[in-house]
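Remarks on the overall topology
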Amino acid sequence: MDYDRAKAYLDERGQSHLLRYYDELSVEEREQLLADIEFTNFNIINNIEKQAEKKLGKITPLSSSVTVQEARRRKIQFEAVGLNMLAEGRVGAVLLAGGQGSRLGYDGPKGTFNIGVTRELTIFEQLMRNVFDVTSKTGRCFPLFIMTSTVNDGQTREFFRSRNYFGYPRDLIHFFIQDVAPACDYNGKVFLDEKHRVSLAPNGNGGWYSSLVNNGLARVLERDNIEWLNVFGVDNVLQKICDPAFIGATIIKRCRCGAKVVKKASPDEKVGVLCLEDGKPSIVEYFEMPDNLKYKTKKDELVYRYGVILNYLFNVHDLNQTLSGKLPYHIANKSLAHVEDGVRVKPDQPCGYKFETLVVDMVKLMGSCLAYEVEREREFAPVKNATGTDSVETARELLVKNGVLL
Ligand code: UTP
């Protein structure tokens, strides 16, 4: 794209301010800016209005779930099916590590954070130990796809390399960078991150499958006949990865996807709740849930009690229907570095919008989802904050309770 085309293109979209500093730029910088403009999906900005219009559908309780008691009772049956799928190499895993982890306040990819006390135990290492827990049972390693972002990709790869991939077969680890979306001010004007760079931020964890495909990795799924993908976040140091019983239960219950859930600690706990929305499995965020549903009980139990823990199993064949661009963008009000009057500023307070797709929205597109309940104390120790709830402290406590030496 040359300057004239870029100008006309931006005029049409009300974004011509992005060329404001063009005359001051070097030849290379001009090229970079024009490339950024060509690459940016400005249509995403239209979602500012659409988001405001979004209404919750009719919420009803789930129809398909496995309780902790049922999982215990049918352990052998569920595990046999899952172990068989793993032994045949039909399951892969996707680690979502493209987030910015701003709440933890740690400078670097969250997975490189040291959760150890008397020795080094990084989050990545702990997750890889959880991977080995299952591969040692099946005797077969599965492909591990690791989603990074433009911000942390280099550091993440280098970290894995420096730790010799924690002893995992190198050829089974596939890094890929997640797609980006433009960030803008409250009037929908896209920010300049620098005078020659459009402000582009990771597009949320819902972008994982399209990003995997855009990075050419669908061919690995096809080549290796991968039928199921276990997707999980970087935060939860206690989670089981490619849990055979979870895989088996989802297959036996004939669901297209499964979600690990825990009973909410209280009606006000800030977790998304798995339920039905207009008859389809859906995850309602804690801030969207109306009070009359949030506090509703039956036989002394919350009716809407299953909180998701960002550990899902997706059928690869059915995932392709999520690729047709139907995932909504959510608006996040954030502090965003940008160029203002010729100077790059980094405000402390939110100053504009980032646009994110969320993995929870993929569940709705799948049409059926098994809620697979797990024991919180054994499988849920998220590291979100430095202190307080879901923090380094609480995760350490739970690791110790589960026999991990810190
Ligand atoms: P969070 O919702 O905790 O977001 O991500 P975050 O960016 O990591 O952390 P905060 O909100 O800034 O503190 C949940 C999971 O989704 C991944 C994260 O790496 C984490 O595993 N994620 C999030 C992505 O992979 N990409 C994104 O764009 C956002």
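Refer to the structure above for everything that follows.
The present account deals with the structure reproduced in this document. The structure presented is a predicted model; accordingly, all values stated were derived computationally and were not measured.

On to helix α10 (residues 244-252), then. The element α10 is largely enclosed, with a buried count of seven among its nine residues. For α10, every residue scored as buried is listed here: P244, A245, F246, I247, G248, A249 and T250. The backbone nitrogen of A245 lies 3.1 Å from a side-chain oxygen of the residue at the head of α10, namely D243. With its phi angle positive at about 55 degrees, R254 sits one or two positions after the end of α10.

Turning our eyes to something else, we now look at the site of the ligand. Around the ligand lies a shell of 18 residues, among which L96, S102, R103, Q178 and K384 are the nearest. Contact between the ligand and G98: an oxygen atom at 2.8 Å from a main-chain N or O atom of the residue. Between an oxygen atom of the ligand and a side-chain N or O atom of K384, the distance comes to 2.8 Å. A total of 560 Å² of accessible area belongs to the ligand in isolation, and the protein chains cover 86% of it. A breakdown of the residues in the shell around the ligand according to their chemical character gives six nonpolar, nine polar and three charged.

The next subject is the pattern of salt bridges. Applying the stated rule across the entire model yields 31 salt bridges. Between R13 and E12 there is a salt bridge; the shortest N-O distance is 3.5 Å. When its relative accessible area of 65% is taken as the criterion, E12 is described as exposed. In this structure, the salt-bridge partner of K294 is D268, at a minimum N-O distance of 4.0 Å. In this pair, K294 is assigned in helix α11 (residues 291-294) and D268 in the loop between β11 (257-263) and β12 (273-277), connecting sequence segments 26 residues apart. Through salt bridges with shared partners, a single ionic network connects K240, D243, K260 and E379.

Thresholds, definitions, all that
- Residues numbered from 1 in each chain as written.
- Predicted model: local features only at pLDDT ≥ 70, side-chain atom pairs only at ≥ 80, totals over all residues.
- Heavy atoms only, no water.
- Buried < 20%, exposed > 50% of the residue type's maximum accessible area, 1.4 Å probe, protein only.
- Helix = DSSP H or I, 4+ residues; strand = E, 2+ residues; numbered from the N terminus.
- Polar contact = N/O pair within 3.5 Å; in protein donor to acceptor, adjacent residues only side chain to side chain.
- Near = heavy atom within 4 Å.
- Areas by Shrake-Rupley, 256 points an atom, 1.4 Å probe, with all protein chains shown as cover.
- Nonpolar A, V, L, I, M, F, W, Y, C, P; charged D, E, K, R; others polar.
- Salt bridge = Lys/Arg side-chain N within 4 Å of Asp/Glu carboxyl O.

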